[in-house]
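Spelled out, the chains give:
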Amino acid sequence: MVKQYKVKIEKIIPQTSDTNAYVLVPVGESDGLFDYNVGQFYMLRAELTRQNREGKDVQETDKRAYSIVSNPLNREYVELLIKVDFPRKDWENKSAEEH
């Protein structure tokens, strides 16, 4: 059985122009959260509100797998390395009209 945990983003650490490290800490029960081996991943699920083509808000569930990069001996947080959709340098160098 797959176990689910609620976590919050404690810290975002820029790594490269298009990659951030996300430090996640448990919210509530964490029994088993830190029981992983090198090379494993977590499947993150987020409930999102986005606008459809008509401009109406719609609820969506987004699920993606991310590799765990924190040390398995650490019992305080989980760190994931996530590539961002828009590299920071590219985004910052565009004019307002291009956004």
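**Notes on the nonpolar core**
Core analysis: the biggest nonpolar cluster contains 11 residues, these being Tyr-22, Leu-24, Leu-33, Phe-34, Tyr-36, Tyr-42, Tyr-66, Ile-68, Val-78, Leu-80 and Ile-82. Contributions of two or more residues to this core are made by β2 (19-26) and β5 (78-83). Ranked by residue count, the leading element in this core is β5, at 3 residues. If we ignore the near neighbours within four places in the chain, the residues touching Tyr-22 are Ile-9, Lys-11, Ile-12, Val-78, Glu-79, Leu-80, Ile-82 and Val-84.

**So, the pairing of strand β4 (residues 57-67)**
In this structure, strand β3 (residues 41-51) lies alongside β4, joined through 11 bridges in antiparallel fashion. If you follow Leu-44 over to β4, its bridge partner there is Arg-64. Hairpin connection, β3 to β4: the antiparallel pair is bridged by 5 residues, and Gly-55 has positive phi, about 85°.

**Quick look at the sheet that holds strand β1 (residues 7-16)**
Strand order in the open sheet formed by 3 strands is β1-β2-β5, with antiparallel pairing between adjacent strands. Of all the strands in the sheet, the pair left with one neighbour each is β1 and β5. The average undirected angle you get between the axes of adjacent strands in this sheet is 25°. Pairing of β2 with β5 involves 6 bridges; the strand directions are antiparallel. For Leu-24, the partnering residue across the bridge sits in β5 and is Val-78.

The rules behind the values
Residues numbered from 1 in each chain as written. Predicted model: local features only at pLDDT ≥ 70, side-chain atom pairs only at ≥ 80, totals over all residues. Heavy atoms only, no water. Core = buried A, V, L, I, M, F, W, Y, C linked by side-chain atoms within 4.5 Å. Buried < 20%, exposed > 50% of the residue type's maximum accessible area, 1.4 Å probe, protein only. Helix = DSSP H or I, 4+ residues; strand = E, 2+ residues; numbered from the N terminus. Contact = heavy atoms within 4.5 Å. Pairing = 2+ DSSP bridges. Axes fitted to C-alpha atoms, helices over the stretch in contact; angles between N-to-C directions.

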